[in-house]
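Structure at a glance
Single-letter residue listing:
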Amino acid sequence: EAGVAQSPRYKIIEKRQSVAFWCNPISGHATLYWYQQILGQGPKLLIQFQNNGVVDDSQLPKDRFSAERLKGVDSTLKIQPAKLEDSAVYLCASSLERNANTGELFFGEGSRLTVL
Amino acid sequence: AQSVTQLDSQVPVFEEAPVELRCNYSSSVSVYLFWYVQYPNQGLQLLLKYLSGSTLVKGINGFEAEFNKSQTSFHLRKPSVHISDTAEYFCAVTPLTSGTYKYIFGTGTRLKVLA
């Protein structure tokens with residue numbers, strides 16, 4: 001079974017530029033998460049989708065971050081314009097629906113963003 | 001609201017020695033508890049989880065954890081570590097009352113196994 005796929009793995013941009021990250025979850029997983037992991041910290045939830053609807057985006061900086069999940073499968077996370085403090089690893093994770101879920105999140109390898 | 005505290009940011013230990021990584025949580029409702037491991041330049045991988053039942057949970061790679069409700073702790077242990085266990089370890093909780101899982105992660109403990 002294929003895991004969670006993310007791209008690009010690494011991205012370096014200047015501040016005020018834009019960047020987009022892509023995630024393809026495990027087939028059949030209804031829930032998709034984007035986390036931001038700053039160096040030395042734990043993952044922080046940015047947005048959670050259930051199928052193609054947003055469940056929680058309370059910690060998403062909506063003035064610069066946006067995310068969508070097309071047809072309840074792939075997802076993109078965009079930052080525009082980027083700030084220095086956006087330098088982090090962006091992790092995508094997926095899971096089954098709650099009533100079929102043993103609680104496990106499956107993570108991709110992450111996309112490392114460096115803003116100069 | 002829930003919170004997770006991992007007091008030890010770094011734990012150095014010699015190979016074949018035992019190790020304990022501490023995790024305490026705060027929650028007004030019941031939670032599921034997890035430990036994830038992150039190897040360099042990789043995503044997080046589930047080590048073990050506590051959902052219900054026996055409070056001693058065994059996971060992959062010889063790790064185990066014990067859920068202590070009265071102390072709100074979920075410490076991770078391994079009786080004998082290997083060099084390959086060098087990684088970052090994250091404790092996480094999710095409340096049982098929400099319609100979907102809402103995971104809260106601790107800040108992580110970096111385990112460094114020394115030869």
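Above this text sits the structure in question.
Note that this is a predicted model, so its numbers are computed, not measured.

Parameters and conventions
- Residues numbered from 1 in each chain as written.
- Chains lettered and ligands numbered in written order.
- Predicted model: local features only at pLDDT ≥ 70, side-chain atom pairs only at ≥ 80, totals over all residues.
- Heavy atoms only, no water.
- Helix = DSSP H or I, 4+ residues; strand = E, 2+ residues; numbered from the N terminus.
- Rg over C-alpha atoms; globule rule 2.2 N^0.38 Å.
- Buried < 20%, exposed > 50% of the residue type's maximum accessible area, 1.4 Å probe, protein only.
- Contact = heavy atoms within 4.5 Å.
- Areas by Shrake-Rupley, 256 points an atom, 1.4 Å probe, with all protein chains shown as cover.
- Lys, Arg positive; Asp, Glu negative; His and termini not counted.
- Charge placed at Lys NZ, Arg CZ, Asp CG, Glu CD.
- Buried area = accessible area lost by both parts, 1.4 Å probe.
- Salt bridge = Lys/Arg side-chain N within 4 Å of Asp/Glu carboxyl O.
- Polar contact = N/O pair within 3.5 Å; in protein donor to acceptor, adjacent residues only side chain to side chain.
- Core = buried A, V, L, I, M, F, W, Y, C linked by side-chain atoms within 4.5 Å.
- Disulfide = S-S within 2.5 Å.
- Pairing = 2+ DSSP bridges.

Description of the overall build of chain A
Check the secondary structure of chain A and you find zero helices and 11 strands. In terms of C-alpha radius of gyration, chain A reaches 14 Å, essentially the compact-globule figure of 13 Å for 116 residues. The proportion of buried residues among the 116 residues of chain A is 47%. Considering only contacts in chain A between residues 6 or more positions apart, those separated by 24 or more positions represent 54%. Carbon together with sulfur atoms contributes 49% to the accessible area of chain A, which is approximately 5700 Å² in total. Placing the 13 positive and 12 negative side-chain charges of chain A at their respective mean positions leaves the two points 6 Å apart.

Focus on unusual backbone geometry
The omega torsion of the bond from S7 of chain A to P8 of chain A falls at -10°, within 30 degrees of zero and hence cis. Its place among the elements puts P8 of chain A in the loop between β1 (5-7) and β2 (10-13).

What to know about the interface of chain A and chain B
When the parts of a complex come together, some accessible area is lost, and that lost area is often taken as the interface size. Between chain A and chain B, the contact holds 24 residues from the first and 23 residues from the second. Between chain A and chain B, a total of about 1900 Å² is buried, with carbon and sulfur atoms accounting for 48% of that surface. For the pair chain A and chain B, the number of links is one salt bridge. For the interface between chain A and chain B, the tally reads three residue pairs in polar contact (both at pLDDT 80 or more). Listed by contribution, the elements that provide at least two residues to the side of chain A that touches chain B are β4 (31-37), β5 (44-50) and β6 (53-56) of chain A. When residues in the side of chain A that touches chain B are grouped by element, the largest group, three residues, is from β4 of chain A.

Observations concerning the nonpolar core
In this structure, L33, W35, L47, L48, F74, L76 and Y89 of chain B are the most contacted members of the largest nonpolar core, which totals 28 residues. Put simply, the parts of the chain that give this core at least two residues each are β2 (10-14), β3 (19-21), β5 (31-38), β6 (44-50), β8 (64-68), β9 (73-78), β10 (87-95) and β12 (109-114) of chain B. Ignoring any residue separated from it by four or fewer positions in sequence, one finds L33 of chain B in contact with Y25, L48, K49, Y50, F67, F74, A92 and V93 of chain B. Ranked by size, the runner-up nonpolar core spans 21 residues in total, among them C23, L60, A88 and Y90 of chain A.

Here we look at the state of the cysteines
Residues and elements named next belong to chain A. Following the criterion strictly, the structure yields two disulfides over all chains and no others. The disulfide that involves C23 links it to C92, with 1.9 Å between the sulfurs. Looking down the S-S bond of the C23 and C92 bridge, the torsion is -70°, so its handedness is left-handed. Of this pair, C23 sits in strand β3 (residues 19-24) while C92 sits in strand β9 (residues 88-95), placing them 69 residues apart in sequence. The pair C23 / C92 is uniform in exposure class, with both members buried.

As for the pattern of salt bridges
Here the idea is simple: oppositely charged side chains can pair when their charged atoms come close. Residue and element names in this part refer to chain B. Taken as a whole, this structure holds 10 salt bridges over all chains when the rule is applied. In this structure, the salt-bridge partner of D85 is K78, at a minimum N-O distance of 2.8 Å. In this structure, the salt-bridge partner of E88 is R110, at a minimum N-O distance of 2.8 Å. Taken together, the residues E88 in strand β10 and R110 in strand β12 connect sequence positions 22 residues apart. For E88, a relative accessible area of 12% puts it in the buried group. Shared partners join several salt bridges into a network, and the residues in it are E20, E66 and R77.

Thoughts on the pairing of β4 of chain A
All names here are of chain A. Most of β4 is tucked away, with seven of its seven residues classed as buried. Of the two faces of β4, the one lined by T31, Y33, Y35 and Q37 and the one lined by L32, W34 and Q36 are each fully buried. Of the strand pairs in this sheet, β4 and β5 are connected by six bridges, and their pairing is antiparallel. Across the sheet, Y33 pairs through a bridge with Q48, a residue of β5.

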